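Topology and contacts: notes
Residue strings, one per chain:
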Amino acid sequence: MKYNKLIRDRIPEIIAKNGQTARVRVLTDEEYLAKLDEKLGEELAEYLADGNIEELADLLEVLYAAALARGTTAEQLDEIRRKKAEERGAFAEKLLLEEVL
């Protein structure tokens, strides 16, 4: 079966434990960024389809990987998020902007 998709680091090991062989290759930096973006869309679609918290955790894992691939650590990403929340607020109040008059 062919996949051609970005996988977690331990997937080849898990496949081997099941008695199968995984054919993998290491992506170039450019390919990796493109596959990360593709994976973000995939994980978001899976979360939106069923609202499963595990899918949300997968999305977060890909977000951290995408940030790191672009030179930003998970901690730096969270600091950026925190500053934006401090300056512009978060989403805790459930506000919907209907119109600006």
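Everything below is about the structure shown above.
Residues numbered from 1 in each chain as written. Predicted model: local features only at pLDDT ≥ 70, side-chain atom pairs only at ≥ 80, totals over all residues. Heavy atoms only, no water.

Section: the pattern of salt bridges
It is possible for side chains bearing opposite charge to pair when their charged atoms get close. The full count for this structure, using the stated rule, is twelve salt bridges. Two residues, arginine 82 and glutamate 79, come together in a salt bridge whose shortest N-O distance is 2.4 Å. Of this pair, arginine 82 and glutamate 79 both sit in helix α4 (residues 74-88), three residues apart, which is roughly one turn of that helix. For arginine 82, a relative accessible area of 34% puts it in the partly exposed group. Note that glutamate 86 is salt-bridged to arginine 82, the shortest N-O span being 2.9 Å. Here glutamate 86 pairs with arginine 82, and both are found in helix α4, just four residues apart, close to one helical turn. Ionic contacts of the salt-bridge type, sharing partners, join the residues Lys5, Lys39, Glu42 and Glu43 into one network. (Salt bridge = Lys/Arg side-chain N within 4 Å of Asp/Glu carboxyl O. Helix = DSSP H or I, 4+ residues; strand = E, 2+ residues; numbered from the N terminus. Buried < 20%, exposed > 50% of the residue type's maximum accessible area, 1.4 Å probe, protein only.)

Brief notes about the side chain of glutamate 55
Note that glutamate 55 resides in helix α3 (residues 53-69). Of the side chains with opposite charge, arginine 8 comes closest to the buried, unpaired glutamate 55, at an N-O distance of 8.1 Å. Apart from the residues within four sequence positions on either side, glutamate 55 is in contact with Glu43, Glu46, Tyr47 and Asp50. (Lys, Arg positive; Asp, Glu negative; His and termini not counted. Contact = heavy atoms within 4.5 Å.)

Notes on helix α2 (residues 29-50)
A rise of 1.5 Å per residue sets the reference length of α2, with its 22 residues, at 32 Å; its end C-alpha atoms lie 32 Å apart and thus fit the reference within 8%. Next to the buried residues of α2 lie α3. Remark: glycine 51 follows α2 within two positions and exhibits a positive phi of approximately 65 degrees. (Expected span 1.5 Å × (residues − 1).)

A word on the nonpolar core
If you look at the biggest cluster of nonpolar residues, it comprises six residues: Leu6, Leu36, Leu40, Leu59, Val62 and Ala66. Secondary structure elements with two or more residues in this core: α2 and α3. It is α3 that provides the largest number of residues to this core, a total of three residues. (Core = buried A, V, L, I, M, F, W, Y, C linked by side-chain atoms within 4.5 Å.)

Some remarks on a nonpolar patch on the surface
Residues Leu60, Leu63 and Tyr64 make up a contiguous nonpolar surface patch of roughly 240 Å² in combined accessible area. By secondary structure assignment, the location of leucine 60 is in helix α3. Taking the relative accessible area as the measure of exposure, leucine 60 reaches 39% and is therefore partly exposed. (Patch = residues over 30% accessible without salt bridge, like charges linked within 9 Å, V, L, I, M, F, W, Y side chains within 5 Å. Areas by Shrake-Rupley, 256 points an atom, 1.4 Å probe, with all protein chains shown as cover.)

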